[in-house]
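# Remarks on the overall topology
Chain residues, written in single-letter form:
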Amino acid sequence: MDNYLYRCQYCGKDYKPNRRKKQKYCSNSCRTRAFVTKNSTGLSIVKKETEKKEPLKIEKMSLAGVGNAAAGTLAVNALTSLFTSEENKPATKKDIQNLIGSLKQRYYPVMNIPITQDGSKAYYDMETKNIVYLKSRWL
């Protein structure tokens, strides 16, 4: 074994190698980092420069920011309701209740079946799910 120190090809530290002339890095982490850096950039890194990382700046929420967000949301909703036609707006609970309320009839006229000779019209019965012929005085 060698009695002198080698210099790590990634971080630049001096180290005593465990294997003779085969070991280029001081640790497995330096060896792995050098491999990743080499493969991501295509260049071999001789020495890693120490960079000072600034701590993350956490932005605080302000009342003005909340107000601006609320005003923006209101403006978008107002413009959307102005420029959206009535048939393209989503159905509300009241719209669905009105629709169900209007479907509570039992008989609905069938428009494409002509009136019979005795004067009765074709109606669709919602309870029995059949077509029935009724005279108009019974409805």
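Residues numbered from 1 in each chain as written. Predicted model: local features only at pLDDT ≥ 70, side-chain atom pairs only at ≥ 80, totals over all residues. Heavy atoms only, no water.

## Points about the environment of Tyr108
- Here Tyr108 lies in strand β3 (residues 107–109).
- Along the sequence, Tyr108 and Asp125 sit 17 residues apart, while their C-alpha atoms lie 6.8 Å from each other.
- Ignoring anything within four residues of it in the chain, the contact list for Tyr108 reads Ser102, Leu103, Ala122, Tyr123, Tyr124 and Met126. (Helix = DSSP H or I, 4+ residues; strand = E, 2+ residues; numbered from the N terminus. Contact = heavy atoms within 4.5 Å.)

## Section: the sheet that holds strand β4 (residues 121–125)
- Ordered by their spatial adjacency, 3 strands build an open sheet running β3-β4-β5, and the pairing between neighbours is antiparallel. Where the open sheet ends on each side, the last strands, each with one partner, are β3 and β5 (130–134). For this sheet, the mean inter-axis angle between neighbouring strands, taken without regard to orientation, is 40°.
- In the sheet, β4 pairs with β5 via 5 bridges, with the strands oriented antiparallel. Directly across from Lys121, in β5, lies its bridge partner Leu134. (Pairing = 2+ DSSP bridges. Axes fitted to C-alpha atoms, helices over the stretch in contact; angles between N-to-C directions.)

## Some words on the side chain of Asp125
- With respect to the secondary-structure elements, Asp125 resides in strand β4.
- From its side chain, Asp125 meets the backbone nitrogen of Glu127 in a polar contact 3.3 Å long.
- Setting aside chain neighbours within four positions, we find Asp125 in contact with Arg106, Tyr107, Asn130 and Val132. (Polar contact = N/O pair within 3.5 Å; in protein donor to acceptor, adjacent residues only side chain to side chain.)

## Description of the nonpolar core
- Counting 7 residues, the largest nonpolar core consists of Tyr6, Cys8, Tyr10, Tyr15, Tyr25, Cys30 and Ala34.
- When neighbours within four sequence positions are excluded, Tyr15 is seen to be in contact with Leu5, Tyr6, Arg7, Cys8, Gln23, Lys24, Tyr25 and Cys26. (Core = buried A, V, L, I, M, F, W, Y, C linked by side-chain atoms within 4.5 Å. Buried < 20%, exposed > 50% of the residue type's maximum accessible area, 1.4 Å probe, protein only.)

## With respect to unusual backbone geometry
- A positive phi angle, near 60°, is found at Lys129, a position not held by glycine.
- Position of Lys129 relative to the elements: it lies in the loop between β4 and β5.
- Judged by relative accessible area, Lys129 falls into the exposed class, the value being 52%.

## Describing the pairing of β4
- Bridging between β3 and β4 involves 3 bridges; their strand directions are antiparallel. Note that in β4 the partner of Tyr108 across the bridge is Tyr124.
- Once β4 ends, the chain turns through 4 residues before running back antiparallel as β5, passing Lys129 with a positive phi of about 60°.

## What to know about the pattern of salt bridges
- Inspection of the entire model under this criterion finds 4 salt bridges.
- Glu86 serves as the salt-bridge partner of Lys89, at 3.9 Å between the closest nitrogen and oxygen.
- Using a relative accessible area of 32% as the deciding quantity, one classes Lys89 as partly exposed.
- You can call Glu86 exposed: its relative accessible area is 62%.
- Where Asp125 meets Arg106, a salt bridge forms, and the shortest distance between an N and an O atom there is 2.7 Å. On the criterion of sequence distance, the pair formed by Asp125 in strand β4 and Arg106 in the loop between α3 (93–102) and β3 is long-range, its members being 19 residues apart.
- A relative accessible area of 33% places Arg106 in the partly exposed class.
- Counted as one network, the salt bridges with shared partners bring together Arg106, Asp125 and Glu127. (Salt bridge = Lys/Arg side-chain N within 4 Å of Asp/Glu carboxyl O.)

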